[in-house]
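Topology and contacts: notes
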Amino acid sequence: MRTDRFADRAEAGRALADLLADVRGTPDLLVLGLPRGGVPVAAEVARALGAELDVLVARKLGHPAQPEVAMGAIAAVGREDLAAVENPATADPSAMAGVRADEEVELRRRQRAYRDGRPPVRIDGRVVVLVDDGLATGATMRAAVAAVRAASPARVIVAVPVALGTTADDIAREADEVVCAWTAEGLWAVGAAYDRFDQTSDDEVRELLARALRDMS
């Protein structure tokens, strides 16, 4: 188990790929990165495993008074299907509808921006590796797992470089497997596991997806 920081998301992705070596060569393997920060990690994983790379957009539903507190999350594979999860301990019914409506708008904007007219990726019957740059509350990953499950995959693997507290154990109840390089109970935030944790831009996400398409063609 790792105990030192990653230089950046690319290094984290390479470390994660080493832990996923047993799925290298799986026919029709699909790696889905959660934008934005999960995509640079996922790109390294997909490259090392020889897998198709795409994105699955998920959005946290933050409480209006405390945006860092997750009331739940939404995620979608395609244009129409939307999976949602709620955290009963923090959900505020009076605020939920408005927050969800705003986040659905942003989710659809990102889908359009990243897909650039491409149809949603096929998930049915495939082994899917869901990648993010880390798990904090796990809300967005739970929604991502639910969205993928609805599309009938053969298997769902959640892969992250770092998970705070017991979040990896919580996600393991919903995914078929969780692969985590560093279960960091002493860290206060995912970014603390990285020397460089700059914000990933929409343009970077699009470039990583375009490069993966070129490499697979």
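Just above sits the structure.
Being a predicted model, the structure only gives us computed values, none of them experimental. (Residues numbered from 1 in each chain as written. Predicted model: local features only at pLDDT ≥ 70, side-chain atom pairs only at ≥ 80, totals over all residues. Heavy atoms only, no water.)

Focus on unusual backbone geometry
Most peptide bonds are trans, and most residues other than glycine sit at a negative phi. The line we're drawing: A run of H or I in DSSP becomes a helix once it reaches four residues, and a run of E becomes a strand once it reaches two; helices and strands are each numbered from the N terminus. Between buried and exposed lies partly exposed: a residue is buried under 20% and exposed over 50% of the maximum accessible area for its type, with that area taken using a 1.4 Å probe on protein chains only.
Note the cis peptide between proline 35 and arginine 36, where omega equals 0 degrees. With respect to the element layout, arginine 36 can be found in the loop between β1 (30-33) and α2 (38-49). Residue aspartate 28 is not a glycine yet carries a positive backbone phi of 60 degrees. Position of aspartate 28 among the secondary structure elements: in the loop between α1 (9-19) and β1. Residue classification places aspartate 28 among the partly exposed residues on the basis of a relative accessible area of 39%. Positive phi is not limited to glycine here, since aspartate 116 has a value of about 50 degrees.

As for the packing of aromatic side chains
Each aromatic ring pair is specified by the distance between its two centres and by the angle formed by the two planes. Using the following cut-off: Under the pairing criterion, centres of Phe, Tyr and Trp rings, with the six-membered ring standing for Trp, must be within 6.5 Å; the plane angle then separates stacked pairs below 30 degrees from edge-to-face pairs above 60, leaving the rest tilted. Charge-over-ring contacts are defined here by two conditions on Lys NZ or Arg CZ: a distance within 6 Å of the ring centre and an angle within 35 degrees of the ring normal.
By the definition in use, this model includes three aromatic pairs. Plain terms: the ring middles of phenylalanine 6 and tyrosine 194 are 5.5 Å apart, the flat faces sit at 40 degrees to each other, and that makes the pair tilted. Note that phenylalanine 6 is positioned in the segment before α1 and tyrosine 194 in the loop between β8 (177-184) and α6 (202-216), a separation of 188 residues in sequence. Assigned by exposure class, phenylalanine 6 and tyrosine 194 land together as buried. Judged by relative accessible area, tyrosine 194 falls into the buried class, the value being 2%. A network of ring pairs unites the aromatic residues Phe6, Trp182, Tyr194 and Phe197 as a single cluster. Directly above the ring of phenylalanine 197 sits arginine 9, whose terminal nitrogen or CZ lies 4.2 Å from the centroid.

Looking at the sheet that holds strand β2 (residues 52-55)
How we decide: A pair of strands is treated as paired once DSSP finds two or more bridges between them. Between the N-to-C directions of two axes lies an angle of 0 to 180 degrees, each axis being a line fitted to C-alpha atoms and, for a helix, fitted only over the stretch in contact.
In spatial order, the strands read β2-β1-β6-β7-β8; together these five strands make up an open sheet with parallel pairing. In this open sheet, the two strands that pair with only one neighbour each are β2 and β8. Taken over all neighbouring pairs, the strand axes of this sheet differ in orientation by 20 degrees on average, direction set aside. Relative to strand β7 (residues 155-164), strand β6 (residues 127-131) runs parallel, the two sharing five bridges. Looking at β7, one finds that valine 128 is bridged to valine 156.

Observations concerning the sheet that holds strand β4 (residues 70-76)
Counted only if it meets this: Contact criterion: two residues are considered in contact whenever any of their non-hydrogen atoms come within 4.5 Å of each other.
Overall, antiparallel pairing links the three strands, which are arranged β3-β4-β5 in an open sheet. Each edge of the open sheet carries a strand with a single partner, namely β3 (57-62) and β5 (83-86). Recorded for the sheet is a direction-independent mean angle of 15 degrees between the axes of neighbouring strands. Across six bridges, the pairing between β3 and β4 is antiparallel. Counterpart to glycine 62 in the pairing with β4 is alanine 70. Along the sheet, helix α3 (residues 93-115) contacts β3, β4 and β5; its crossing angle with β3, the most-contacted strand, is approximately 155 degrees.

What about the pattern of salt bridges?
Here is the rule we go by: Take a side-chain nitrogen of Lys or Arg and a carboxyl oxygen of Asp or Glu: if they are within 4 Å of each other, that pair is a salt bridge.
As enumerated under the stated definition, the model contains 23 salt bridges in all. Residue arginine 5 is joined to aspartate 195 by a salt bridge in which the shortest nitrogen-to-oxygen separation is 3.0 Å. Within this pair, whereas arginine 5 is found in the segment before α1, its partner aspartate 195 is found in the loop between β8 and α6, the two being separated by 190 residues in sequence. In this structure, arginine 126 engages glutamate 52 in a salt bridge whose closest nitrogen and oxygen atoms are separated by 2.7 Å. Of this pair, arginine 126 sits in the loop between α3 and β6 while glutamate 52 sits in strand β2, and the two are 74 residues apart along the sequence. Residue arginine 126 is classed as buried on the basis of its relative accessible area, which comes to 3%. Bridged by salt links that share partners, the residues Arg36, Glu106, Arg109, Arg110 and Asp202 form one connected network.

It is worth stressing that arrangement in space is one thing and function is another; only the former is reported here.
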